[in-house]
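# Descriptive analysis of the structure
In case you want the letters, here they are:
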Amino acid sequence: MSDTNDITKLVSASGADTDIRSEAAVVAAGPFLGGGCSGSHISPTHTTTGQPTGTKFAKHVKWKFGFWKRLGVPSPDYFPYIGGMAEIQKQGIYEFDKNLITKYGRVVGLQIGGNPSLLIADPEIIKNISVKEFSKAPNRFQHFSGSKNEMRHGLTAVEDDHWRFMRNTLLPTFSSGKMRKMDPLLRVKYKLLLDSLKTNADEGKPIDFKQTFGAYTMDVIASLGFGMDINSQTNPDNLFVKYTKELTNFSLSPLTILLVLIPKLDIIFDYFNVSPLNNRRVMDFFKSAVERAIEMRDDEDKNRQDLLQLMINAHKDTDKNEMEEEQAIQDDPQKWKKRGLTTDEVTGNAIIFFIAGYETTASTMAFMAYCLATNPDCQERLINEIDSAIGQELPTYDNVQTIEYLDRVLNETLRLYPPATRLSRVGKTELDIGGYKIPEGIELAFAVYALHRDPEFWPEPEKFDPERFSPEKKSERHPYAFLPFGHGPRNCIGQRLATMEIKCAIVYILQHYRFKTCDETEIPLRHVKWKFGFWKRMGVPSPDYFPYIGTMREIKKQGIYEFDKSLITKYGRIVGMYLGSNPSLLIADPEIIKNISVKEFSKAPNRFQHFSETKNEMRHGLTAVEDDHWRTFGAYTMDVIASLGFGMDIDSQTNPDNLFVKYAKELLTFSFNPIIILLVLIPKLDIIFNYFNVSPLNNRRVMDFFKSAVERAIEMRDNVDKNRQDLLQLMINTHKDTDKNEMEEEQAIQDDPQKWKKRGLTTDEVTGNAIVFIIAGYDTTASTLAFMAYCLATNSDCQERLISEIDSAIGQELPTYDNVQTIEYLDRVLNETLRLYPPATRTGRVGNTELDIGGYKVPKGIELAFAIYALHRDPEFWPEPEKFDPER
Ligand code: HEM
């Protein structure tokens with residue numbers, strides 16, 4: 001038996017112990033949130049976020065970002081890629097920031113997506129950065145530097161000298177003189193607002209103020225800024241409103257969340273023009289609207305005093321040689337002064353003014369109405385002050401400023417509900433912040449919301465109390481504890497306009513009406529937190545999960561085994577989970593599993609399809625394999641499946657670069673691909689990916705290879721082969737030329753299920769199955785072989801016993817289907833290997849009808865996930881579950 005001994009040595013000498021074990025961890029850890037990103041890969045300029053590879057998952061490690069730790073900045077442990085996002089979503093930004101500040105102090109290291117950022121809640125430091133040392137951090141942090149949309153030319157995004165030039169060009173538009181001149185235009189709009197309120201108010205109907213004020217602010221910015229009468233107040237379906245909403249809503253869009261999680265994705269999204277930040281439909285609409293407005297201006301308009309005219313007047317035909325011009329300016333910043341705005345800049349700013357002027361102002365007005373309605377004494381006082389200050393005069397830029405209490409009410413509203421919950425800067429150089437040396441390029445985030453409710457500056461912070469803004473109270477407080485418009489040279493350029501717009505409208509309304517609460521008013525207002533309530537509502541035990549990320553995050557952290565085990569221990573054998581945004585039910589009760597998979601099979605005969613829209617030839621779940629160690633067994637099983645299944649001698653054992661192997665691996669490794677992770681997180685994305693043919697599940701190159709390989713194999717079969725006994729031939733024999741009128745045929749079958757019996761397999765079905773067999777036959781078998789070798793190598797007594805049973809049962813006979821079945825101990829070893837290392841760590845079904853599972857009524861369509869791995873190591877069924885013991 002010297003041969004056998006040699007093989008044993010070979011296995012251990014090639015590092016089977018550690019390598020297989022680490023791969024076992026890979027299998028168990030599963031295909032989750034990839035990225036070879038560790039703390040050390042994060043450079044201060046965010047240039048490297050690492051590449052996802054299978055091998056980097058070699059250990060069950062809890063992943064820590066070390067960036068802030070190394071700088072000595074207090075910071076919590078974060079989960080990579082998700083970082084603070086998960087917690088922000090769970091707690092809401094206010095609770096999140098507040099908790100951090102309470103726990104770690106006024107300077108806290110954060111991790112948002114793959115980027116470190118520094119949360120700052122110290123008014124003195126904020127003052128330093130935004131005023132005293134302005135030149136060191138004059139720009140905002142750009143999360144999506146690669147974006148190609150028009151807004152990158154706008155004031156909020158441009159940087160350094162370019163920004164300075166643009167800000168100076170635009171600033172005159174917002175002077176108090178200009179505001180005064182806009183009074184007549186504004187009057188038209190607030191009168192229209194009152195008209196639109198009147199109908200409902202007079203009938204005592206509730207009014208949705210967010211929507212009503214949104215139409216008003218849209219009209220104001222269009223008219224004052226661009227001389228356009230879009231009248232969205234009378235025409236709520238106005239395209240401007242629609243598109244601006246689409247733009248302003250994007251911050252909640254799942255795609256935007258993804259972009260924050262994985263900033264590099266924006267390159268993909270941009271490339272395919274599907275980025276929400278680069279929404280061409282929306283951008284093109286604004287672009288053509290602005291272009292039309294420019295065209296329509298005639299000579300008379302030259303003297304108009306609106307934003308657009310100022311930008312046009314500054315627009316000195318610099319477009320012609322823009323690139324050269326730009327270069328010259330880079331070389332000599334003084335030149336900024338000499339040039340006008342380019343068309344792109346005019347458009348970019350126009351869009352930014354629409355966005356900045358719409359949502360912020362409308363939401364402030366809606367909160368102000370809410371605060372007045374819920375604080376009637378304040379409202380009465382305000383009405384009295386209006387009466388005595390201006391009576392029934394029409395509100396103007398100047399006269400509303402004489403109503404002192406109005407200013408306090410507005411400020412107190414902005415304190416409680418600042419539209420910008422955080423402000424951002426980025427250092428151009430290393431900065432000393434609270435004694436820490438913060439490298440250039442790190443986002444500095446001012447915690448506006450948290451500061452506005454900090455009891456150190458605002459006693460009883462949750463209370464609405466305009467008196468906080470009396471001159472006495474103001475003088476007692478650090479001015480930088482209040483930041484609704486920011487501070488310093490880069491503060492809100494539209495502050496005057498916004499204030500005038502809000503004050504005039506509120507005064508005009510209060511000259512005629514009072515705000516009152518109604519049944520629909522939510523008191524108190526809840527902070528919007530995002531929780532999935534599906535399982536809670538059904539009464540199924542389930543932990544709190546973060547939407548979209550759900551289970552994935554924990555699985556990645558703990559590994560699937562620990563994860564399932566801890567859930568079962570804590571919540572019982574039926575646990576509600578969310579995988580991405582899909583609820584799924586973890587089941588670890590053998591009796592229930594038996595029920596679903598056998599007794600009530602007809603009610604749940606199918607697997608859950610995570611990617612329902614996927615159009616590839618194969619719909620099958622996979623595990624990942626990516627390591628040389630798998631080559632031996634992998635190549636063997638690949639050869640076997642190719643030969644036995646398809647009569648192809650691909651010989652990948654001697655030719656490891658064989659295309660078959662290459663493509664099969666490509667299929668098998670895709671589960672580590674970040675895009676797959678995205679697809680699990682947000683299943684609907686696959687529609688987009690499919691549309692652009694970039695879905696990894698729809699990898700045409702790979703699929704086409706297999707399809708043509710199978711087609712060629714079918715063609716090459718001649719009459720002699722008809723009697724071959726391989727999978728392919730069997731499938732071909734059933735393939736009775738049904739392709740011709742496949743659609744009709746399919747329809748007929750849908751109508752009459754009996755017809756299934758009469759037809760053969762279509763070409764697509766043969767191909768699909770061929771691919772599924774390759775995958776199912778390759779990975780699962782190869783991994784089981786590898787684990788079996790590992791178990792034998794690490795349990796030499798078992799191996800010796802197996803060898804002697806082989807010797808006595810078949811000696812040196814060649815193994816066959818029949819004779820290996822006589823080696824009883826072999827079966828035990830195989831089963832024990834499969835118990836410890838089941839290639840499918842979970843399997844599942846989906847009900848086609850409501851199912852009673854452990855007393856819970858589970859609606860149809862929910863994934864039912866059987867916790868195979870956890871069950872296989874459950875001490876209730878397997879004493880000493882971690883031990884390899886074929887005697888079980
Ligand atoms: C209640 C209403 C508004 C609030 C609370 C608000 C708030 C803010 C805040 C906090 C900033 C960032 C300041 C900083 O980084 O320090 C900002 C910037 C800006 N806002 Fe406003 N804003 C409002 C209305 C408007 C309006 C009506 C316009 C224009 C028509 C506007 C245009 C801008 C622009 C262009 C910037 C960028 C300035 C720059 O980078 O130089 N905002 N706003």
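Residues numbered from 1 in each chain as written. Predicted model: local features only at pLDDT ≥ 70, side-chain atom pairs only at ≥ 80, totals over all residues. Heavy atoms only, no water.

On a plain count of helices and strands, the protein chain comes out with 36 helices and 12 strands. In the protein chain, which comprises 888 residues, the share counted as buried stands at 52%. At a minimum sequence separation of 6, the contacts of the protein chain that also span at least 24 residues come to 73%. Of the roughly 40900 Å² that the protein chain leaves accessible, carbon and sulfur atoms contribute 53%. (Helix = DSSP H or I, 4+ residues; strand = E, 2+ residues; numbered from the N terminus. Buried < 20%, exposed > 50% of the residue type's maximum accessible area, 1.4 Å probe, protein only. Contact = heavy atoms within 4.5 Å. Areas by Shrake-Rupley, 256 points an atom, 1.4 Å probe, with all protein chains shown as cover.)

This next bit is on the coordination of the iron atom of the ligand. No other protein atom reaches the iron atom of the ligand as a donor apart from Cys 492 (SG), found 2.3 Å away. Checked against the element boundaries, Cys 492 lands in the loop between α20 (471-476) and α21 (495-510). (Donors = N, O, S within 2.8 Å, 3.2 Å for Na, K, Ca; no water.)

It is worth spelling out the site of the ligand at this point. Taken together, 27 residues sit near the ligand, with Arg 140, Arg 167, Arg 425, Arg 490 and Cys 492 positioned nearest. Contact between the ligand and Trp 163: an oxygen atom at 2.8 Å from a side-chain N or O atom of the residue. In this structure, Arg 167 approaches the ligand through a side-chain N or O atom, which is 2.7 Å from an oxygen atom. Contributions of two or more residues to the shell around the ligand are made by α6 (160-170), α16 (343-374), β3 (423-426) and α21. No other element matches the six residues that α16 contributes to the shell around the ligand. Of the residues contributing to the shell around the ligand, the split by class is 14 nonpolar, nine polar and four charged. (Near = heavy atom within 4 Å. Polar contact = N/O pair within 3.5 Å; in protein donor to acceptor, adjacent residues only side chain to side chain. Nonpolar A, V, L, I, M, F, W, Y, C, P; charged D, E, K, R; others polar.)

Position of Asp 874 relative to the elements: it lies in the segment after α36 (868-872). By relative accessible area, which is 11% here, Asp 874 ends up buried. In this view, Asp 874 contacts Arg 573 and Pro 881; residues no more than four positions away in its chain are not counted.

What follows concerns unusual backbone geometry. Even without a glycine there, the phi angle at Asp 160 is positive, about 50°. Its place among the elements puts Asp 160 in helix α6. One non-glycine residue, Glu 460, lies in the positive phi region at around 45°. Of note, Glu 460 is situated in the loop between α19 (448-452) and α20. The class for Glu 460 is exposed, based on a relative accessible area of 57%.

This part covers the UniProt feature "binding site: heme" (unreviewed entry) in the protein chain. Feature annotation in UniProt places "binding site: heme" (unreviewed entry) on Cys 492, given in this structure's numbering. Relative accessible area serves as the criterion here: at 31%, Cys 492 is assigned to the partly exposed category. Non-local contacts of Cys 492, meaning those with residues more than four positions away in its chain, are made with Arg 167 and Phe 485. (UniProt positions renumbered as here; feature names shortened; annotations may be inferred.)

Quick look at the pattern of salt bridges now. Going through the model one piece at a time under the given rule, you end up with 28 salt bridges. The partner of Arg 835 in a salt bridge is Glu 832, and the shortest N-O contact between them spans 2.8 Å. Pair noted here: Arg 835 and Glu 832 are both in helix α35 (residues 824-836), with a separation of three residues, about one helical turn. Between Glu 882 and Arg 873 there is a salt bridge, and its shortest N-O distance comes to 2.6 Å. For Arg 873, a relative accessible area of 7% puts it in the buried group. (Salt bridge = Lys/Arg side-chain N within 4 Å of Asp/Glu carboxyl O.)

Here the focus is the side chain of Glu 501. Along the chain, the position of Glu 501 falls in helix α21. Lys 189 provides the closest opposite charge to the buried, salt-bridge-free Glu 501, at an N-O distance of 11 Å. Once residues lying within four places of it in the same chain are set aside, the contact partners of Glu 501 are Leu 186, Tyr 216, Thr 217, Val 220, Gly 357 and Thr 361. (Lys, Arg positive; Asp, Glu negative; His and termini not counted.)

For the structure shown, the criterion picks out 11 aromatic pairs. When the ring of Tyr 190 is compared with that of Tyr 508, the centres are 4.8 Å apart and the planes differ by 50°; the resulting orientation is tilted. In this pair, Tyr 190 sits in helix α8 (residues 183-202) while Tyr 508 sits in helix α21, placing the two residues 318 residues apart along the sequence. Note on accessibility: Tyr 190 and Tyr 508 belong to one class, buried. Residues Tyr 790 and Tyr 837 carry aromatic rings whose centres are separated by 6.4 Å and whose planes lie at 80° to one another, so their mutual orientation is edge-to-face. Pair noted here: Tyr 790 is in helix α33 (residues 763-794) and Tyr 837 is in the loop between α35 and β9 (843-846), with a separation of 47 residues, a long-range link. (Phe/Tyr/Trp six-rings, centres within 6.5 Å; stacked < 30°, edge-to-face > 60°.)

Attention shifts here to the packing of helix α9 (residues 209-226) against α21. Interaxial distance between α9 and α21 falls to 12 Å at its minimum, and their mutual angle equals 130°. Here α9 lies oblique to α21, going by the angle between them. As for the relative orientation of α9 and α21, their crossing is right-handed in sense. Facing Phe 213, Tyr 216, Thr 217, Val 220, Ile 221 and Leu 224 of α9, the residues of α21 in contact are Leu 497, Glu 501, Ala 505 and Ile 509. When the residues that make up the contact of α9 with α21 are grouped by side-chain class, the tally is eight nonpolar, one polar and one charged. (Axes fitted to C-alpha atoms, helices over the stretch in contact; angles between N-to-C directions. Parallel < 35°, antiparallel > 145°, perpendicular 65-115°, else oblique. Left-handed = near helix turned anticlockwise from the far one by under 90°.)

This paragraph deals with the pairing of strand β6 (residues 443-446). Moving residue by residue along a regular strand, the side chains alternate between the two faces of the sheet. Neither face of β6 is open: one carries Glu 443 and Ala 445, the other Leu 444 and Phe 446, and all of them are buried. Pairing geometry for β3 and β6, over four bridges, is antiparallel. Each bridged residue has a counterpart across the sheet, and for Val 426 the counterpart in β6 is Glu 443. (Pairing = 2+ DSSP bridges.)

Turning next to the environment of Val 290. Here Val 290 shows up in helix α13 (residues 280-296). When its relative accessible area of 2% is taken as the criterion, Val 290 is described as buried. Every residue in contact with Val 290, bar those within four places of it in the chain, is listed here: Leu 308, Val 346, Thr 347 and Ala 350.

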